[in-house]
Amino acid sequence: MMFSNNRAIEIIVMIALAIVALFTAEFVTFIMLGLILLKLHDMHKTMEKSQENPPPS
């Protein structure tokens, strides 16, 4: 798994993206890609949880 379920790791990733954005002057690109990456990770965790606990039929 690329990230853990810890919110602190996601914050560290966002800080790293902000530092890279400062050096490359591509703020919008790096920030938006980082937010997309984090949201995709959240969606993946949600899908895994729903497969582990299927709704009752």
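All of these numbers come straight from a predicted model, not from anything done at the bench. (Residues numbered from 1 in each chain as written. Predicted model: local features only at pLDDT ≥ 70, side-chain atom pairs only at ≥ 80, totals over all residues. Heavy atoms only, no water.)

**Considerations on unusual backbone geometry**
A negative phi holds for most residues other than glycine; trans holds for most peptide bonds.
Part 1 of the reasoning: The backbone of alanine 25 shows a phi angle near 60 degrees, a positive value even though the residue is not glycine.
Part 2 of the reasoning: With respect to the helices, strands and loops of the structure, alanine 25 is situated in the loop between helix H1 (7-24) and helix H2 (27-52).
Part 3 of the reasoning: On the accessibility criterion, alanine 25 (56% relative accessible area) is exposed. (Helix = DSSP H or I, 4+ residues; strand = E, 2+ residues; numbered from the N terminus. Buried < 20%, exposed > 50% of the residue type's maximum accessible area, 1.4 Å probe, protein only.)

**A few points about the packing of H1 against H2**
Part 1 of the reasoning: Running from amino to carboxyl end, H1 crosses H2 at an angle of 160 degrees, the nearest separation of the two axes being 8 Å. By the angle between their directions, the pair H1 and H2 is classed as roughly antiparallel. Two packed elements cross with a definite hand, and for H1 against H2 that hand is right-handed. Between H1 and H2, the contacting residues are Arg7, Glu10, Met14, Leu17, Ala18, Val20, Ala21, Leu22 and Thr24 on the first element and Phe27, Phe30, Ile31, Gly34, Leu35, Leu38, His41, Asp42 and Lys45 on the second.
Part 2 of the reasoning: Looking at the contact of H1 with H2 residue by residue, the classes come out as 11 nonpolar, three polar and four charged. (Axes fitted to C-alpha atoms, helices over the stretch in contact; angles between N-to-C directions. Parallel < 35°, antiparallel > 145°, perpendicular 65-115°, else oblique. Left-handed = near helix turned anticlockwise from the far one by under 90°. Contact = heavy atoms within 4.5 Å. Nonpolar A, V, L, I, M, F, W, Y, C, P; charged D, E, K, R; others polar.)

**Topic: H1**
Part 1 of the reasoning: When the terminal C-alpha atoms of H1 are compared, their 26 Å separation across 18 residues agrees well with the 26 Å that a helix rising 1.5 Å per residue should span.
Part 2 of the reasoning: When H1 is considered as a whole, its buried residues turn out to be Glu10, Val13, Leu17 and Ala21. Along H1, the residues classed as buried sweep out an arc of 80 degrees about the axis, all on the same side. With respect to the buried face of H1, the exposed residues turned more than 90 degrees away are Ile12, Leu22 and Phe23.
Part 3 of the reasoning: Where H1 is buried, its residues meet H2.
Part 4 of the reasoning: Phi turns positive, to about 60 degrees, at alanine 25, one or two residues after H1. (Expected span 1.5 Å × (residues − 1). Arc of directions from axis to C-beta.)

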